[in-house]
Amino acid sequence: MSATQEKPLSQSLGPRLDAGNSADFLPNLCQSQVVFMLVLVAELIALLLTIASEGLQHFRWENLAVTSFYVQWIVLLSALCLCQLRPVMRGWSWGKAGLVSYLLILTLTLLLSIIGQWLLYRFFDNTLEARPFHPNYWRLVENLLMAAILAGIFLRYFYLQQQLRYQQQVELHARIQALQSRIRPHFLFNSMNSIASLISIDPVAAERVVENLAELFRASLAEPSLIPLEKELALCRHYLDIEKLRLGDRLQVEWQVEELPPDVEIPSLLLQPLLENAVFHGIEPLPNGGCLSLFVSHKKDFVSIRITNPLPIIQPRSAGQQEEEKPGRHNRMARDNIRRRLQAHYGSAARFSTAVDADTFTTLISYPITARKG
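Keep in mind the model is a prediction, meaning the values are calculated, not measured.

## Points about the overall build of the protein chain
- Within the protein chain, the secondary structure is distributed over 9 helices and 8 strands.
- For the protein chain, with 374 residues in total, the buried portion stands at 38%.
- Counting only contacts in the protein chain whose residues sit at least 6 apart along the sequence, the fraction spanning at least 24 positions is 75%.
- When the accessible area of the protein chain is evaluated, it comes to approximately 21200 Å², of which 61% is carbon and sulfur surface.

See the structure below:
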């Protein structure tokens, strides 16, 4: 093929839809990447506290080890408790969830500080064995003060991060709904005209067009979700049946669909806009029409979909004809939205590309069958 346009989905904007619950005050602190970051940050805090208390000239590794023991246990136990409380706090207001999280961290800091002082007294203080254990209250206050400052900073950071994720999810959901509900007005008007012309000469065909149109609008008004691929292909057939009544023999359709596993899903109304673009930009401008082909196959855990349509020869446009380029811009916008939808559901595992040959336009889609994140 002479020209290819491909953009990795991992570079697209927007997170996956299942990145987190929008009602959560904090992200999932039990994820491996988050735990690694917490361990790294805790060790940096321990190093900073050791240097601040002793200076580099009197730096001792054993003091760093003791400080790391304190800080790591406080951070990891706090993350574990907050992770376990996350489903409970999901129904709370963010103010209440933030206060409980803050007090939980301070409580764990106090308890672990007392336990740490007792361990040091029990195993390392050999000079005053007869002395009963008494906590160092000033050290406890110092630990609580440092924990209060650091916990406030990190909880604020996680809160803002969750707010950003929530805003991105809302925006992405709105974009998906906008794409899913977008059926071009000209398609609706043409369909209504076809129904009007068929009522008197072929009422059965008119009724079939009404049913097909109802199925398309019912799908466009439903909530964005993953649906069985067979159902999406049935909607595509409804759409092409309506267009074939209007275009007649100018529209030829070739279907090649392999037998698929029963659990194969696809984002709803993902293929119909692509077929609509193929008819509107490829078949309709040609006086003799052309053949629109749709191939669906699967290999191992991936589904591959290829849509091809004729590519009309574009004549040079004068300055007064620039407005005619708008459909092309809408076409690119639709492809970009579909790319984002695949990114939202499947992340970087999905692929979306378009290719232009001398007289053929090809759209390629590939996504995993079982890689949807739960």
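After presenting the structure, the write-up continues.
## A short note on helix α1 (residues 32-54)
- Here α1 contains 23 residues, and its C-alpha end-to-end distance of 33 Å stays within 8% of the 33 Å for a straight helix at 1.5 Å per residue.
- Within α1, the full set of buried residues consists of V34, L38, A42, I45, A46 and T50.
- G55 sits one or two positions beyond α1 and adopts a positive phi of about 80°.

## Comments concerning the packing of helix α7 (residues 229-247) against helix α8 (residues 271-283)
- Relative to each other, α7 and α8 sit at 25°, their axes nearing to 9 Å. Considering their axes alone, α7 and α8 lie roughly parallel with respect to each other. Our pair here, α7 against α8, has a crossing hand that is right-handed. Here L229, E232, L233, C236, Y239, L240, E243, R246 and L247 of α7 come into contact with α8, specifically with L271, Q272, L275, E276, V279 and I283.

## Considerations on the packing of aromatic side chains
- Applying the stated criterion to the full structure yields 2 aromatic pairs.
- Here K96 stacks its cationic end above the ring of W92, 4.5 Å away from the centre of that ring.

## Some points on the confidence of the model for the protein chain
- This prediction gives the protein chain a mean pLDDT of 75; 76% of its residues lie at or above 70.
- Mean pLDDT across the secondary structure elements of the protein chain bottoms out at strand β1 (residues 3-6), with 45, and peaks at strand β6 (residues 302-310), with 92.
- Counted against residues more than four places away or in other chains, residues 1-22, with its pLDDT under 50, gives 65 contacts.
- Taken together, the stretch residues 315-327 has pLDDT below 50 and engages in 6 contacts with residues farther than four places along the chain or on a different chain.

## A closer look at the layout of surface pockets
- Looking at the largest pocket, its volume works out to about 1200 Å³.
- Among the secondary structure elements, those contributing two or more residues to the lining of the largest pocket are α1, α2 (61-89), α3 (94-124) and α4 (137-180).
- Partitioned by chemical class, the residues of the lining of the largest pocket number 26 nonpolar, 11 polar and 5 charged.

## Observations concerning the nonpolar core
- Core analysis: the biggest nonpolar cluster contains 33 residues, and L229, L271, I305, I365 and Y367 have the highest contact counts within it.
- When contributions to this core are tallied by element, the ones reaching two or more residues are β2 (226-228), α7, α8, β5 (290-299), β6, α9 (326-346) and β8 (360-368).
- Apart from residues no more than four positions distant in its own chain, I305 is found in contact with L229, I266, L271, F295, V296, T363, L364, I365 and Y367.
- Core analysis: the next-biggest nonpolar cluster, separate from the first, contains 15 residues, V34, I105, L108 and A151 among them.

## Overview of unusual backbone geometry
- Located in the positive-phi region is K300, a residue other than glycine, with phi close to 55°.
- Among the structural elements, K300 can be located in the loop between β5 and β6.

## Re the environment of S93
- Within the fold, S93 resides in the loop between α2 and α3.
- Exposure remark for S93: the relative accessible area of 47% places this residue in the partly exposed category.
- Distance from S93 to F25, taken between C-alpha atoms, is 8.4 Å for residues 68 residues apart in sequence.

Parameters at a glance
- Every chain's residues receive numbers from 1 upward, in the order its sequence appears when written.
- Predicted model: local features are reported for residues with pLDDT of at least 70 only, side-chain atom pairs are reported and counted for 80 or more only, and whole-chain, interface and lining totals are derived from all residues.
- Hydrogens and water are ignored here; the side-chain numbers use all heavy atoms of the structure.
- Secondary structure elements follow DSSP: runs of H or I of four or more residues count as helices, runs of E of two or more count as strands, with numbering from the N terminus.
- Buried residues are those whose accessible area, probed at 1.4 Å on protein chains only, stays under 20% of the maximum for their type, while exposed residues exceed 50% and partly exposed ones sit between those limits.
- In this description, contact between two residues means that some pair of their heavy atoms is separated by no more than 4.5 Å.
- Each accessible area is a Shrake-Rupley result for a 1.4 Å probe, and residues are judged covered by the shown protein chains and nothing else.
- Each residue after the first adds 1.5 Å to the expected span of a helix.
- Angles run from 0 to 180 degrees between N-to-C directions of axes, and those axes are lines fitted to C-alpha atoms, restricted for helices to the stretch in contact.
- Note on angle classes: values under 35 degrees are labelled roughly parallel, values over 145 roughly antiparallel, values of 65 to 115 roughly perpendicular, and the remainder oblique.
- For any helix crossing, the convention is left-handed if the near helix is rotated counterclockwise from the far helix by under a right angle, and right-handed if that rotation is clockwise.
- Only centres within 6.5 Å qualify two rings of Phe, Tyr or Trp (six-membered ring in Trp) as a pair; their planes then separate them into stacked at under 30 degrees, edge-to-face at over 60, and tilted for everything else.
- Counting as a charge over the ring demands two things of the Lys NZ or Arg CZ atom: a distance within 6 Å of the ring centre and an angle within 35 degrees of the ring normal.
- pLDDT gives the predictor's per-residue confidence on a scale running from 0 to 100.
- In this analysis, the protein atoms alone were mapped onto a 1 Å grid. Cavities are point sets where a 1.4 Å probe fits without being able to get out; pockets are open sets with protein on both sides within 12 Å along at least five of seven lines; lining residues have an atom within 4 Å of a point.
- Grid points are joined across faces, edges and corners, and a volume is the space filled by probe spheres set on the points.
- Residues are grouped as follows: Ala, Val, Leu, Ile, Met, Phe, Trp, Tyr, Cys and Pro are nonpolar; Asp, Glu, Lys and Arg are charged; every other residue, Gly included, is polar.
- In plain words, nonpolar cores are sets of buried Ala, Val, Leu, Ile, Met, Phe, Trp, Tyr and Cys residues tied together by side-chain atoms within 4.5 Å.

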